Amino acid sequence: MLQLDHLSLAADGFRLTADLSVPAGARVAIIGPSGAGKSTLLNAIAGFVTPQAGRILWDGGDLTGTDPGQRPVTILFQDQNLFPHLTIERNLALGLAPDGRLTPAIRARVADALNRTGLDGLAQRRPAGLSGGQQGRAALARALLRARPILLLDEPFAALGPALKAEMLALVTDVATETGATVLMVTHDPQDARRFAPLTILVADGTAHPPTDTAALFADPPKALDDYLGSGF
């Protein structure tokens, strides 16, 4: 279980508090107004933002002072975290070895991950030689190889069209199911939340609220969410 224990974050003129828990293996959307602190919340869990107070716990262990590389976390940003000067094969190898070495065993595991994410035959291309959807698949293939128990998604598919985004969310679901990962996904799209996440965290008015049933939340949204979604929702 992931616990944010009386967490207090401050950045760029705002303050965010969180006192909540997320069950292991859950898929959770994070939604709320722009600038409310959704990305800051993910970055704190990943170790890139230091809390002013409180703790971040995973399975009872305190991660608050742990370096990002030592946390049981994989995070994907909108740029997919791919190194442009490396081949896709070497980008994925970094998920298994920090120095990116390509032993026969690592090559075999990378090839298997590429095959399972529909990228067979593209190992020697660089990210610029892939479409946006293929880059997203490559990033997910690396997450599959890392097999960390917490997967954080900071709108990595925001620039994709609706059909391709739906395909990527289905692939994330497959990866999460295979690895047993707990997934937290920032989104601005209620349809993405409905499609992917049984639970949703609302971030608004300085608070990250505890996860609640996604369908129930959007069926009867609180004022902060209703104001954000607008009359067209």
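See the structure printed just above.
Residues numbered from 1 in each chain as written. Predicted model: local features only at pLDDT ≥ 70, side-chain atom pairs only at ≥ 80, totals over all residues. Heavy atoms only, no water.

(A) Layout of the side chain of Thr 200. Relative to the assigned elements, Thr 200 resides in strand 9 (residues 199–204). On the basis of relative accessible area, Thr 200 is assigned to the buried category, the value being 0%. A distance of 2.8 Å separates polar atoms of two side chains, one belonging to Thr 200 and the other to Thr 214. Residues in contact with Thr 200, not counting those within four places in the same chain, are Val 28, Ala 29, Ile 31, Ala 193, Pro 210, Pro 211, Thr 212, Thr 214, Leu 217 and Phe 218. (Helix = DSSP H or I, 4+ residues; strand = E, 2+ residues; numbered from the N terminus. Buried < 20%, exposed > 50% of the residue type's maximum accessible area, 1.4 Å probe, protein only. Polar contact = N/O pair within 3.5 Å; in protein donor to acceptor, adjacent residues only side chain to side chain. Contact = heavy atoms within 4.5 Å.)

(B) Broad picture of the packing of aromatic side chains. Enumeration according to the criterion identifies zero aromatic pairs in this entry. The ring of Phe 196 carries the charged tip of Arg 27 above its face, separated from the ring centre by 5.4 Å. (Phe/Tyr/Trp six-rings, centres within 6.5 Å; stacked < 30°, edge-to-face > 60°. Lys NZ or Arg CZ within 6 Å of the ring centre and 35° of its normal.)

(C) Highlighting empty space enclosed by the protein. Evaluation of the coordinates by the stated rule reveals one cavity of 30 Å³ or more. In this structure, the largest cavity encloses a volume near 30 Å³. Looking at the lining of the largest cavity, its residues break down into five nonpolar, two polar and one charged. (1 Å grid on protein atoms, 1.4 Å probe; cavity = no way out; pocket = protein on both sides within 12 Å on 5 of 7 lines; lining within 4 Å. Points joined across faces, edges and corners; volume = space filled by probe spheres on them. Nonpolar A, V, L, I, M, F, W, Y, C, P; charged D, E, K, R; others polar.)

(D) Up close: the side chain of Arg 137. Along the polypeptide, Arg 137 turns up in helix 4 (residues 132–146). With a relative accessible area of 18%, Arg 137 lands in the buried category. Sequence-distant contacts of Arg 137, that is, excluding residues within four places in its chain, are made with Thr 117, Gly 118, Leu 119, Glu 167, Met 168 and Leu 171.

(E) Focus on the pairing of strand 7 (residues 150–154). Among the five residues in strand 7, five count as buried, and that is most of the element. Along strand 7, one buried face is formed by Ile 150, Leu 152 and Asp 154 and the opposite face, lined by Leu 151 and Leu 153, is buried too. Bridge count between strand 6 (residues 73–76) and strand 7: four bridges; the pairing is parallel. Residue pairing across strands places Thr 74 opposite Leu 151, the latter belonging to strand 7. By the bridge criterion, five bridges tie strand 7 to strand 8 (residues 182–186) in an arrangement that is parallel. Bridging across to strand 8, Leu 152 finds its partner in Leu 184. Handedness of the crossover joining strand 7 and strand 8 through helix 5 (residues 162–179) is recorded here as right-handed. (Pairing = 2+ DSSP bridges. Right-handed = clockwise from strand over helix to strand, strands pointing away.)

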